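Letter by letter, the chains look like this.
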Amino acid sequence: MFFLGSHYLDYHLRMFQPPNQGVSAQTLPWSEDFDPAYAEGMVRAVLQLLNEAYFRTQLIGFDHPVARNNPDAPVIMVSNHSGMAMPWDAVAFVSALLHQFNFDQSKVCRILIAPVLNRLGVMHPFAIPDFWKKCGGVDATFRNFEHLMQHPFANVLVYPEGVKGIGKGFNYRYRIQRLATSFVRMSIKYRTDIVPFATVNAEYINPWMYSVGWVNRLVQRISGLPFLPLGLLTPLLLLQPWLFYLAFPAKLTFVMGKRIRISDWVDKPLEDFSESEIMAIRDRVYEQMQEKLRQAVTEFGKRTFARREFFGALRSFWRQFPLWLPFGWPFLFTAYEQSCRNDNPLQQAPASGWKTVWSTLRRRPFLAWYFVPVIGWIPIIIRSLRLQKKATGM
């Protein structure tokens, strides 16, 4: 249920520092692990069901692919980030966009993700190995950002608030946190536009949860997780491990903003900018993003959960109950992963919910631990440590 707003743990620490040496084009960050067929199947068989039945994801202003002003560089897409949970806002957006443009990867975007997602085994949803890499996530380092800018197969998506955005707590909802400057530097260097969009209702993915500094520091020291949301649901996490990946059925809405061309503001090479000038541009972008978010919330944020629509959607997908509910997600995700391992990947969501639950549980009894109070965490942590060891090569 929690933490993966940790999404951008290393944003400010690693990604937004100048590289120590030039970027080589010999090894692309997405060439080895990214599996476009796996990503497409994940959307078709898993995420589209969640987008339609659970989040009822809505794209406003994305009728056409985001066009580039510079054919030699990708556009940099940016948005506010929130949820105090798994990065379901980013997952919903990218998967909905991929579906919108008929799974043409070149018309969508590659997303920079915090290395902690790949590094910590517990961050792999339901112990699926290399989940983020296979789906196209690129570790958020400065070098990888440069790679993506120099090899413009697709546009680039960045959440410049970093972990402070997704972990800011419900009391700071819809208040964009201080932005990093890396996306501004890349926009200037490669003379490419910044395209902001507002993410509405993601604050309610994990509502009424709060962040406490000393608790976050303790949790990070012990486990590597950047924060622990605190609220009425927190104690339940021990009783039901699947709650680690919980999201409430907020109606996720993404609203296109006004394109920003920094060269219209200040037209000179990156090396001629002072640090204060870079931060001034960053602050100006921040103001535009905050104002667009305010407008979008006013227009689209009144029906946070859109309950009538939600229950109507659930009636439409009754045959697939309970796969679209959070306690069914371990079986939905794993069913697709198993179909890939059997060289017969699903191309749409399973037709029968309970049949899929029992058949998946029979093939992978490990999933039962997600529903065992307290001691269920023991095998889950062991499995996570194995994934972590594999990911780090230790």
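1. Some details on the overall build of the protein
A tally of regular secondary structure across the protein gives 15 helices and 7 strands. For 394 residues, the compact-globule estimate of 2.2 N^0.38 gives 21 Å, and the protein sits close to it at 20 Å. For the protein, the residues scored as buried account for 58% of the 394 residues in total. For the protein, the proportion of contacts with a sequence separation of at least 24, taken over those separated by at least 6, is 84%. About 17200 Å² of surface is accessible on the protein, with carbon and sulfur atoms providing 55% of the total. Each charge class in the protein can be summarised by its mean position, and for the 44 positive and 29 negative side chains these summaries are 9 Å apart.

2. What about the side chain of Ser359?
Within the element layout of this structure, Ser359 appears in helix α14 (residues 353-363). For Ser359, a relative accessible area of 16% puts it in the buried group. Within the structure, Ser359 has its side chain in polar contact with the backbone oxygen of Thr356 (distance 3.2 Å).

3. Here's the deal with the packing of aromatic side chains
Counting across every chain of the model gives 33 aromatic pairs. Centre to centre, the rings of Phe170 and Tyr204 are 5.2 Å apart; their planes meet at 85 degrees, and the pair counts as edge-to-face. In this pair, Phe170 sits in the loop between α7 (163-166) and α8 (182-190) while Tyr204 sits in the loop between β6 (194-200) and α9 (213-223), placing the two residues 34 residues apart along the sequence. Per residue, the accessibility class of Phe170 equals that of Tyr204, and both read buried. One Lys or Arg, Arg110, reaches over the ring of Phe34 and ends 4.2 Å from the middle of that ring. In this structure, Arg284 is placed above the aromatic ring of Trp265, and the distance from its NZ or CZ to the ring centre is 3.9 Å.

4. Points about the confidence of the model for the protein
With 91% of its residues at a pLDDT of 70 or more, the protein shows a mean pLDDT of 88. A low-confidence stretch, residues 1-26 stays under pLDDT 50, and its non-local contacts, those more than four residues away or across chains, total 120 contacts.

5. What about the pairing of strand β5 (residues 155-158)?
The side-chain alternation of β5 yields two buried faces, one formed by Asn155 and Leu157 and the other by Val156 and Val158. Of the strand pairs in this sheet, strand β3 (residues 109-113) and β5 are connected by 3 bridges, and their pairing is parallel. Pairing of Cys109 across the sheet is with Asn155, part of β5.

6. Side note on a nonpolar patch on the surface
A contiguous nonpolar surface patch, about 710 Å² in accessible area, is contributed by Leu236, Leu238, Leu239, Trp369, Val374, Ile375, Ile378 and Ile382. Sorting the residues of the nonpolar patch by element identifies α10 (236-239) and α15 (377-392) as the ones contributing at least two each. When residues of the nonpolar patch are assigned to their parent elements, the largest contribution, 3 residues, is made by α10. Examined against the element boundaries, Leu236 turns out to sit in helix α10.

7. A short note on the nonpolar core
The biggest cluster of nonpolar side chains holds 122 residues, and the ones touching the most others in it are Trp88, Phe93 and Phe333. Top contributing element to this core by residue count: helix α2 (residues 36-54), with 10 residues.

8. Structural notes on unusual backbone geometry
Each neighbour pair has its own omega, and for Phe321 with Pro322 the value is 5 degrees, a cis peptide bond. Structurally, Pro322 can be placed in the loop between α12 (307-316) and α13 (329-341). Positive phi is not limited to glycine here, since Phe126 has a value of about 55 degrees. With respect to the helices and strands, Phe126 occurs in the loop between α4 (115-119) and α5 (131-134). Under the relative-accessibility criterion, Phe126 is labelled buried at 1%. Its identity as a non-glycine residue notwithstanding, Asp343 has a phi of 60 degrees, on the positive side.

9. Some thoughts on α14
Taken together, the buried positions of α14 are occupied by Gly353, Thr356, Val357, Ser359 and Thr360. The elements touched by buried residues of α14 are α13. Where α14 begins, one side-chain oxygen reaches toward the backbone nitrogen of Lys355, 3.5 Å away; that side chain belongs to Ser352.

10. Thoughts on the packing of helix α6 (residues 142-150) against α8
Where α6 contacts α8, the two axes come as close as 11 Å, and the packing angle between them is 35 degrees. Note on packing geometry: the crossing formed by α6 with α8 is right-handed. Two secondary-structure elements touch here, α6 through Phe142, Phe145, Glu146, Met149 and Gln150 and α8 through Ser182, Phe183, Met186, Lys189 and Tyr190. Of the residues contributing to the contact of α6 with α8, the split by class is 6 nonpolar, 2 polar and 2 charged.

11. Let's talk about the environment of Ala92
Mapping Ala92 onto the fold places it in helix α3 (residues 88-100). Overall, Ala92 belongs to the buried group, its relative accessible area being 3%. For the pair Ala92 and Gln58, spaced 34 residues apart in the sequence, the C-alpha separation amounts to 9.4 Å. With near-sequence residues (within four places) excluded, Ala92 lies in contact with Asn51, Thr57, Leu252 and Phe254.

Each value, and the rule that gives it
- Residues numbered from 1 in each chain as written.
- Predicted model: local features only at pLDDT ≥ 70, side-chain atom pairs only at ≥ 80, totals over all residues.
- Heavy atoms only, no water.
- Helix = DSSP H or I, 4+ residues; strand = E, 2+ residues; numbered from the N terminus.
- Rg over C-alpha atoms; globule rule 2.2 N^0.38 Å.
- Buried < 20%, exposed > 50% of the residue type's maximum accessible area, 1.4 Å probe, protein only.
- Contact = heavy atoms within 4.5 Å.
- Areas by Shrake-Rupley, 256 points an atom, 1.4 Å probe, with all protein chains shown as cover.
- Lys, Arg positive; Asp, Glu negative; His and termini not counted.
- Charge placed at Lys NZ, Arg CZ, Asp CG, Glu CD.
- Polar contact = N/O pair within 3.5 Å; in protein donor to acceptor, adjacent residues only side chain to side chain.
- Phe/Tyr/Trp six-rings, centres within 6.5 Å; stacked < 30°, edge-to-face > 60°.
- Lys NZ or Arg CZ within 6 Å of the ring centre and 35° of its normal.
- pLDDT = per-residue confidence, 0-100.
- Pairing = 2+ DSSP bridges.
- Patch = residues over 30% accessible without salt bridge, like charges linked within 9 Å, V, L, I, M, F, W, Y side chains within 5 Å.
- Salt bridge = Lys/Arg side-chain N within 4 Å of Asp/Glu carboxyl O.
- Core = buried A, V, L, I, M, F, W, Y, C linked by side-chain atoms within 4.5 Å.
- Axes fitted to C-alpha atoms, helices over the stretch in contact; angles between N-to-C directions.
- Left-handed = near helix turned anticlockwise from the far one by under 90°.
- Nonpolar A, V, L, I, M, F, W, Y, C, P; charged D, E, K, R; others polar.

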